[in-house]
Amino acid sequence: MASSRNTTITAIRILYLLLLCVLQAQVRLCFAAKVYVVYMGSRGTDDPDEILRQNHQILTDIHGGSGEKAEESHLYSYRHGFRGFAAKLTEDQASEMAKMPGVVSVFPNERRKLHTTHSWDFMGLVGEETMEIPGYSTKNQVNVVIGFIDTGIWPESPSFSDEHMPPVPAKWKGKCESGEAFNASTCNRKIIGARYYMHGYEAEKEEVEESVKTVSFKSPRDSSGHGSHTASTAAGRYVTNMNYDGLATGGARGGAPMARIAVYKTCWDSGCYDVDLLAAFDDAIRDGVDVLSLSLGPASPQGDYFSDAISIGSFHASSRGIVVVSSAGNEGSRGSATNLAPWMITVAASSTDRDFTSNIILGYGINFTGESLSLLQMNASTRIISASEAYAGYFTPYQSSYCLESSLNSTKSRGKVLVCQHAESSTESKLAKSKIVQAAGGVGMILVDEADKDVAIPFVIPAAVVGKRTGNKILSYMNRTRKATSRIFSAKTVLGSQPAPKITAFSSKGPNALTPEILKPDITAPGLNILAAWSPANGKMHSNILSGTSMACPHVTGIVALIKAVYPSWSPSTIKSAIMTTATVMDKNRKPIIVNPEGRRGNAFDYGAGFVNPRRVLDPGLIYDTQTTDYKAFLCSIGYTEKSLHLITRDNSTCDQTFATATGLNYPSITVPNLKNYFSVMRTVTNVGEPNSTYKAVISSPVGINVTVVPRLLLFSSYGQKIDFTVSFKVEAPPEGYGFGLLTWRSRKSRVTIPLVVRSAHSTLGLLS
């Protein structure tokens, strides 16, 4: 009886509340409001009580001026260790809150597990210590040794802790060299090898311009930060609270966090020299590394394969079963990709769905967003002018618009926000412009940079990067307003930006300028605004956010290590094939990947086979395998004589077994750069999936080209079985420039896809798609 009465009372209360909601026009709030965290960065020097007052004011504003509703929605204020609050908000209110000045991020109160600061989660791998791929055990990664040819390492970083790691693998023959601030005991069970090379650097040092601003240790210790960043991205241990000045806060780990690290420091303040690089390759091969990662390369156009240290070293490493992963370069233009040898994996750079943005408020509330890592912000609006108005001395207004050294008049710049133009691609040059504006008395900067507008920079003053479109809107506002004003707020972390991934503007692109029959780059991975370990010798930071194909390369390196953990006997070409044939050309919304800055639809010259998919690489179904003998035949096909081949291989190789063209190499892509009318090429696939399986060819032909495959069905009866097939291309309507398509072998369980890239000999526009 009492139970029935309580039920009735409860029902009446619910009806009363619903009626109240309707009467107060708050139905949506009643039903849809949920708890959000509004995070606003570091507490700074603000008084905790003042923070509480500000929080209440923000909530009052979001509730239309109602202090009572603000009080009702408020749960917590964070005002001691950092600032922010928790409150019940609707989705619309949360979205509006996220755009407010000073708000770093707004996120729902979901149940959390320890996880990475982002890129590995974005690629579909979750976990803390082992980075298990669903359905497979990667625990054997403790026996995988990754060699990093880079700027060294900062061994004290928590990313390189050896806690709970077993003894060093018995196969390891490497050593730790002593030097400045580094000795043999500095190594541990995580960093099991550390060497440094500087003879080539010292020989050239006097001829290069000396502008060293960091300590340069004559040892494997990293004074730059670059080597520590790449090593931790690929193989860093789990770190619970990595961040960049409060941005991107969270747990962070590398792709293969239990793999071993061997360091080969070859890069110094002025660069990495060939003789040092080759010495590092030589030692790494002897030491017994399983993978080599090189986030460096030549400038484009790249020279001949065997006048290039990385091509040479990687050829010999690959011949001994070592997978070599390299970056494609940061020149951004068509045909600028480097590290072009077919025996290495070449990685392009793409974004994740995380941005670091600053709000720019013009006049009376015109709001724009730019990219930035600067946590500095302006306390009030102030005059904004084009840097061209502040020209000084012998500089023209046009020159001053680029905020060049000594080009700004301090009288005209003092106390103002300057709009500067930018044409270079380096992070250092953008950072330098903020210093130039600061030196001239400027209090803020808006940098207009169409090419790399998504790259976040740690400016020394309140500043942000915008693209040309936004820049033009800002300049238009200034032109029509007598006393234009602006206020720039501190950077905040924004998750869920779309579309993602996108190919970055700076990522170097194909076609292969040395051998157009070989597609480069091979694959793309996250390389934009990546948080990883750093050297405190450079800027007194223990972690940093960087962008570049240098950051994309170690993402693939980590995946290679996981593959080696599961399949230790797989060859470099098998691993490359598994990575390429399981990649995707679609973004997270199942739409074609686009390319910045223009937003055009991407193609194989931008991303190779596509965006890497670590959840599929361990079950590729079929692989396109190549042996060392195939690479020798490839060299013959591009003009190497038997005499020159003997000098490279030091064996009795001949050019009897060669290909008609370099397209004949059994590569996991097919590129025909000069199709006259009709051309056929053979490929061989090896079954590494289910013993009894049937694959059907599915073709997406390049525009104007007819593609046929014989046979259309591949019937496998055993593991390891090889089957040949022929792909034929016929010109139907000569397309302009290169055309792009796909060939997919589809079974009940697997999809094995390779890019098709064709240019008709009749085409007059060589690089256009």
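Located above this text is the structure these notes cover.
All of these numbers come straight from a predicted model, not from anything done at the bench.

> Teacher, can you tell me more about helix 8 (residues 226–235) here?
It helps to recall that an α-helix has 3.6 residues per turn; residues three or four apart then point in one direction. In terms of burial, helix 8 is largely enclosed, as 10 of its 10 residues are buried. Among all positions in helix 8, only His226, Gly227, Ser228, His229, Thr230, Ala231, Ser232, Thr233, Ala234 and Ala235 are buried. Of the surrounding elements, those touching the buried residues of helix 8 are helix 6 (119–122), strand 5 (145–150), strand 9 (260–265), strand 24 (530–533), strand 25 (543–546) and helix 15 (549–566).

> What's the story with the sheet that holds strand 29 (residues 670–675) in this structure? I'm lost.
The pairing of strands in a sheet happens through backbone hydrogen bonds and is either parallel or antiparallel. An order of 29-36-35-31-33 is seen for the five strands of this open sheet, with the pairing classed as mixed. The open sheet has two edge strands with one neighbour each: strand 29 and strand 33 (713–716). Strand-to-strand, the axes of this sheet are offset by a mean angle of 20 degrees, without reference to chain direction.

> Can you walk me through the pattern of salt bridges in this structure?
Pairs can form between side chains of opposite charge whenever their charged atoms are close. Counted under the stated rule, the structure contains 17 salt bridges. In this structure, aspartate 287 and arginine 195 form a salt bridge, with 2.8 Å as the shortest nitrogen-oxygen distance. Of this pair, aspartate 287 sits in helix 9 (residues 274–287) while arginine 195 is found in strand 6 (residues 191–196), placing the two residues 92 residues apart along the sequence. What makes aspartate 287 buried here is its relative accessible area of 1%. With relative accessibility at 4%, the residue arginine 195 sits in the buried group.

> Please clarify how empty space enclosed by the protein should be interpreted in this entry.
Here the idea is plain: a probe the size of a water molecule rolls over the atoms and shows the empty space left. A full pass over the atoms with the stated rule returns six cavities of 30 Å³ or more. By volume, the second largest cavity is sized at about 80 Å³. Lining of the second largest cavity is provided by 15 residues; of these, Ala451, Asp454, Thr504, Ala505 and Asn596 occupy positions nearest its centre. Looking at the lining of the second largest cavity residue by residue, the classes come out as seven nonpolar, three polar and five charged.

> Can you help me understand unusual backbone geometry in this one?
A negative phi holds for most residues other than glycine; trans holds for most peptide bonds. With an omega of -5 degrees, the peptide bond between serine 300 and proline 301 qualifies as cis. Along the chain, proline 301 turns up in the loop between strand 12 (291–294) and helix 10 (309–319). Geometrically, the link from glutamine 498 to proline 499 is a cis peptide bond, its omega value of -5 degrees lying close to zero. With respect to the secondary-structure elements, proline 499 resides in the loop between strand 22 (492–495) and strand 23 (523–526). The backbone phi angle of cysteine 403 is positive, close to 50 degrees, even though this residue is not glycine. With respect to the element layout, cysteine 403 can be found in the loop between helix 11 (397–400) and helix 12 (410–413). According to the relative accessible area criterion, cysteine 403 is buried, its value standing at 0%.

> How should I be thinking about the side chain of serine 653 in this particular structure?
Looking at the secondary structure, you find serine 653 in the loop between helix 19 (642–649) and strand 29. A polar contact is formed between the side chain of serine 653 and the side chain of lysine 632, at a distance of 3.1 Å. For serine 653, the contacting residues outside a window of four places in its chain are Lys632, Leu645 and His646.

> Honestly, the sheet that holds strand 5 in this entry has me stumped. Any pointers?
Read across the sheet, seven strands follow the order 6-9-5-12-13-14-23 without closing on themselves; strand pairing throughout is parallel. For this open sheet the edge positions go to strand 6 and strand 23, each flanked by a neighbour on one side alone. Averaged over all pairs of adjacent strands, the angle between strand axes in this sheet comes to 25 degrees, irrespective of strand direction. As paired strands, strand 5 and strand 9 are joined by six bridges and run parallel to one another. From the neighbouring strand, valine 145 faces strand 9, where its bridge partner is arginine 260. Taken strand by strand, helix 9 contacts strand 5, strand 6, strand 9 and strand 12, and its axis lies near 150 degrees from that of strand 9. In the packing of helix 15 onto the sheet, the strands contacted are strand 5, strand 12, strand 13 (323–327), strand 14 (345–350) and strand 23, and the crossing angle to strand 14 comes to about 125 degrees.

> Honestly, the nonpolar core in this entry has me stumped. Any pointers?
What tends to happen in soluble globular proteins is that the nonpolar side chains get buried as a cluster. Core analysis: the biggest nonpolar cluster contains 123 residues, and Leu292 and Ile579 have the highest contact counts within it. Sorting elements by how many residues they give to this core places helix 15 first, with 10 residues. Residues in contact with leucine 292, not counting those within four places in the same chain, are Gly147, Ile149, Phe281, Ala284, Ala317, Ile322, Val323, Val324 and Val325. With 25 residues, the next largest nonpolar core counts Tyr624, Val685, Phe716 and Ile754 among its residues.

> Teacher, can you tell me more about the pairing of strand 13 here?
Each regular strand shows side chains that alternate between the opposite faces of the sheet. When you tally the buried positions in strand 13, you get five out of five residues, the bulk of the element. Burial along strand 13 is two-sided: the face carrying Val323, Val325 and Ser327 and the face carrying Val324 and Ser326 are both buried. In this fold, the crossover linking strand 12 to strand 13 by way of helix 10 has right-handed handedness. Alignment of strand 13 against strand 14, held across three bridges, turns out to be parallel.

> Sorry, what's going on with the pairing of strand 12 here?
Residues Val291 and Ser293 point to one face of strand 12 and Leu292 and Leu294 to the other, with burial holding for every one of them. With three bridges joining them, strand 5 and strand 12 adopt parallel strand pairing. Pairing of isoleucine 146 across the sheet is with valine 291, part of strand 12. As judged from the four bridges shared by strand 12 and strand 13, these two strands associate in the parallel manner.

Procedures and definitions
- Residues numbered from 1 in each chain as written.
- Predicted model: local features only at pLDDT ≥ 70, side-chain atom pairs only at ≥ 80, totals over all residues.
- Heavy atoms only, no water.
- Buried < 20%, exposed > 50% of the residue type's maximum accessible area, 1.4 Å probe, protein only.
- Helix = DSSP H or I, 4+ residues; strand = E, 2+ residues; numbered from the N terminus.
- Contact = heavy atoms within 4.5 Å.
- Pairing = 2+ DSSP bridges.
- Axes fitted to C-alpha atoms, helices over the stretch in contact; angles between N-to-C directions.
- Salt bridge = Lys/Arg side-chain N within 4 Å of Asp/Glu carboxyl O.
- 1 Å grid on protein atoms, 1.4 Å probe; cavity = no way out; pocket = protein on both sides within 12 Å on 5 of 7 lines; lining within 4 Å.
- Points joined across faces, edges and corners; volume = space filled by probe spheres on them.
- Nonpolar A, V, L, I, M, F, W, Y, C, P; charged D, E, K, R; others polar.
- Polar contact = N/O pair within 3.5 Å; in protein donor to acceptor, adjacent residues only side chain to side chain.
- Core = buried A, V, L, I, M, F, W, Y, C linked by side-chain atoms within 4.5 Å.
- Right-handed = clockwise from strand over helix to strand, strands pointing away.

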